[in-house]
Amino acid sequence: LMADADYRNFLFAQILYNGVNGTLRFTFIWLIVTLTDWESAEGLVAIALGLPAMVLSLPAGAWSDRVDRKRLYMSWTTATAIAMGAFTALVASGSATPLLTGVAAAIVGTTISVNSPNVQAIVPLLVPKERLMNAVAIQNGAGQAAGFAGLAIGGFAIQLVGDAGGFGLLTVLTTLSIVIIAR
């Protein structure tokens, strides 16, 4: 499977994407803790980030079956990168508020939720049927590992370059994912 350049590139892009997705929960919650003492804000931001997945995953999956999956990935990952870049600028300027953080979490959560079923559906297009189970297993294992590793990377980035730097790193990784898939 790794000898296939299309699968290998997709897998690497998906690892970056899943790493970003896994790290977002940490970075948004970390930021909200620094912005307010209101304990409920943490839960509300987590809900804003996660609720779109619950509401949009099924319709997004049906939609991804009807459109060009590469174009869908490119569009929604670009939307994620733009939203993350705008929020990074907001954090860097010192203008982030708890409300704006919640709105940003909802927007980013939406873009990722619409794209996630599509990411799962791309693998059968890339590999022969006899290797599909192995490809899906590698994709899922790598995605889980990336989500977990993303937490450490996000925490390190925040420690090193602050909240804006952490979000900036996620924006760069999301953009790199787009570049890899575009190839």
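Data block above holds the structure.
Residues numbered from 1 in each chain as written. Predicted model: local features only at pLDDT ≥ 70, side-chain atom pairs only at ≥ 80, totals over all residues. Heavy atoms only, no water.

Q: Got a minute to help me understand the overall build of the protein chain in this structure?
A: Helices and strands together make up the secondary structure of the protein chain, namely 5 helices and 0 strands. Taken from N to C terminus, the helices and strands of the protein chain fall in the order α-α-α-α-α. Dimensions of the protein chain along its principal axes, counting C-alpha atoms only, are 55 × 35 × 25 Å. Here the protein chain, with 183 residues, has 44% of them falling under the buried criterion. Looking at the protein chain alone, contacts between residues at least 24 apart form 84% of all its contacts between residues at least 6 apart. (Helix = DSSP H or I, 4+ residues; strand = E, 2+ residues; numbered from the N terminus. Buried < 20%, exposed > 50% of the residue type's maximum accessible area, 1.4 Å probe, protein only. Contact = heavy atoms within 4.5 Å.)

Q: Help me understand the environment of Met-2, please; the structure alone is not making it clear to me.
A: Assignment of secondary structure puts Met-2 in the segment before helix H1 (5–35). Among the residues examined, Met-2 registers a relative accessible area of 41% and is labelled partly exposed. The spacing of Met-2 and Pro-124 is 122 residues in sequence and 15 Å in space, taken between C-alpha atoms. For Met-2, the contacting residues outside a window of four places in its chain are Tyr-7, Arg-8 and Leu-11.

Q: Just to check I follow, could you spell out a nonpolar patch on the surface for this structure?
A: Side chains of Trp-38, Leu-44, Ile-47, Leu-51, Met-54 and Val-55 sit close together on the surface and give an oily, nonpolar patch of about 650 Å² of accessible area. Structurally, the position occupied by Leu-44 is in helix H2 (residues 40–64). (Patch = residues over 30% accessible without salt bridge, like charges linked within 9 Å, V, L, I, M, F, W, Y side chains within 5 Å. Areas by Shrake-Rupley, 256 points an atom, 1.4 Å probe, with all protein chains shown as cover. Salt bridge = Lys/Arg side-chain N within 4 Å of Asp/Glu carboxyl O.)

Q: When you look at helix H4 (residues 98–126) in this model, what are you seeing that I'm missing?
A: Every α-helix winds through 3.6 residues per turn, so residues three or four apart in the chain are directed the same way. In a regular helix each residue adds 1.5 Å, so 29 residues correspond to 42 Å; H4 covers 42 Å between its end C-alpha atoms and thus fits that length. Approximately 30° is the largest bend angle found in H4, and it occurs at Asn-115, with the proline Pro-117 only one to four residues beyond. (Expected span 1.5 Å × (residues − 1). Bend = angle between axes of the 7 residues up to and from the residue.)

Q: What am I meant to see in the packing of aromatic side chains here?
A: All told, the structure shown has 6 aromatic pairs when counted by the stated rule. Between Tyr-17 and Tyr-73 the ring centres are 5.8 Å apart and the planes differ by 50°, which places this aromatic pair in the tilted class. Of this pair, Tyr-17 sits in helix H1 while Tyr-73 sits in helix H3 (residues 69–92), placing them 56 residues apart in sequence. One exposure class covers both Tyr-17 and Tyr-73, and it is buried. On the basis of an interplanar angle of 85° and a centroid distance of 5.1 Å, the ring pair of Phe-87 and Phe-167 is categorised as edge-to-face. Taken together, the residues Phe-87 in helix H3 and Phe-167 in helix H5 (residues 132–182) connect sequence positions 80 residues apart. These aromatic residues form a ring-pair network of at least three members: Phe-28, Phe-87 and Phe-167. (Phe/Tyr/Trp six-rings, centres within 6.5 Å; stacked < 30°, edge-to-face > 60°.)

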